[in-house]
Amino acid sequence: MKNKKITNIFKNIRPFNQIYRFLLIFFLINFFSINLQAHELWLKAKNFNFNDQDTLEVDIKIGQDFKGTPFGYYEPLKKKLYLENKNKKIILNQRNGNFPAIQILVLDKGFHILNYETNSEKLKYESVEKFIEFLNEQNLISFKSSIEKNKIPTESYKRFAKILLSDGSNDFFIQEPNLDFEFIALNSPYDQNNFYFEFQLYKKTKPFGNWDVTVFSKDDENVFKEIVKTNPNGIGKLRLFDNRIYLLSAVDLRKADYMDKIKHKSDWLSFWASLVFKR
């Protein structure tokens, strides 16, 4: 199934040289191999504090527990990619094979948010037990009662990734929610007067309350993990420490209804939101 999917991808790619072909094959094989094991996708900048003289380089990473593999840019995996500042949204076009995946010259000053939404992807679990293991890992144990015991589950999933960037000026703004599942920053982690970072989790542009958010952070030596539960209005808060990179991650899962099964051909639908910044 995996090889067939890779073959179909090549039908849509124009001819290119042998070296590029080899690198793309290597990328795709590794992508689908890791993709079957890890849902989580996030963005990581080479430099979170940009200036308008340098190209901003951002990796698309896939993995678990803040340990991920960077992948080159591949257009068919993308649904939306745009850079947002206080005044406008800029739709971004990237070249297939870019590594780092996203390379842009930021011409405006101030606080920016890079937004990346993937198209739906589908996986089939190895067994019912593997799906239960996934539910346990993500603290989604309430869904166990909905599992069909004699059917290996299939799942359709999408990712909504953001990264907060700044040129050092205090020009913060609050985004308007417009994605199916997303984090909205309520203050700037780059403002040294803010000792706490506040955020709001949204589902289909409405606050999503009483939900667990996994927060990873790491410095030069250690990785830290904590769970922050949003309040009834979807708002959460975490203590900030200098010289750490932060990754907020949340997942929403639902059992497919009749129309979902026709559209997605899956038993389950999941939506993954991530938000990254560096203090």
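One can find the structure itself at the top, above this paragraph.
First things first, this report covers the structure right here in the doc. Predicted model, so just to flag it, every value in this text is computed and none were measured.

A closer look at the pattern of salt bridges
Step number 1: Applying the stated criterion across every chain yields a total of 16 salt bridges.
Step number 2: K158 is the partner of E117 in a salt bridge, and the nearest nitrogen-oxygen pair spans 2.7 Å. Pair noted here: E117 is in strand β7 (residues 111-118) and K158 is in strand β9 (residues 154-166), with a separation of 41 residues, a long-range link.
Step number 3: Residue class for E117 comes out buried when judged on its relative accessible area of 3%.
Step number 4: Through salt bridges with shared partners, a single network forms among K79, K80, E117 and K158.

Considering the side chain of K78
Step number 1: Mapping K78 onto the fold places it in strand β4 (residues 78-84).
Step number 2: Residue contacts for K78: discarding those within four places in its chain leaves Y73, L92, Y116, E117 and N119.

Topic: empty space enclosed by the protein
Step number 1: Per the stated rule, a full pass over the model turns up four cavities of 30 Å³ or more.
Step number 2: Of the voids in this model, the second largest cavity is the one considered here, and its volume is about 50 Å³.
Step number 3: Around the second largest cavity, the lining residues are E40, L41, W42, R159, F160, L247, S249, W272, A273 and S274.
Step number 4: When contributions to the lining of the second largest cavity are tallied by element, the ones reaching two or more residues are β1 (41-45), β9, β16 (245-255) and β17 (268-278).
Step number 5: Here the element with the most residues in the lining of the second largest cavity is β17; it accounts for three residues.

A short note on the packing of aromatic side chains
Geometrically, a pair of aromatic rings is defined through the distance of the ring centres and the angle of the planes.
Step number 1: In total, this model carries 16 aromatic pairs according to the counting rule given.
Step number 2: Their ring planes at 70° and their centres at 5.0 Å tell us that Y125 and F131 sit as a pair that is edge-to-face.
Step number 3: For F131, a relative accessible area of 0% puts it in the buried group.
Step number 4: In textbook terms, an aromatic cluster arises when at least three aromatic residues are bridged by ring pairs, as seen for Y125, F131, F134, F143, W268 and W272.
Step number 5: Between K218 and the ring centre of F66, over which it is positioned, the NZ or CZ distance is 4.5 Å.
Step number 6: Sitting over the face of the ring of F241, R239 holds its NZ or CZ atom 5.3 Å from the ring centroid.

What counts, and where the lines are drawn
Residues numbered from 1 in each chain as written. Predicted model: local features only at pLDDT ≥ 70, side-chain atom pairs only at ≥ 80, totals over all residues. Heavy atoms only, no water. Salt bridge = Lys/Arg side-chain N within 4 Å of Asp/Glu carboxyl O. Helix = DSSP H or I, 4+ residues; strand = E, 2+ residues; numbered from the N terminus. Buried < 20%, exposed > 50% of the residue type's maximum accessible area, 1.4 Å probe, protein only. Contact = heavy atoms within 4.5 Å. 1 Å grid on protein atoms, 1.4 Å probe; cavity = no way out; pocket = protein on both sides within 12 Å on 5 of 7 lines; lining within 4 Å. Points joined across faces, edges and corners; volume = space filled by probe spheres on them. Phe/Tyr/Trp six-rings, centres within 6.5 Å; stacked < 30°, edge-to-face > 60°. Lys NZ or Arg CZ within 6 Å of the ring centre and 35° of its normal.

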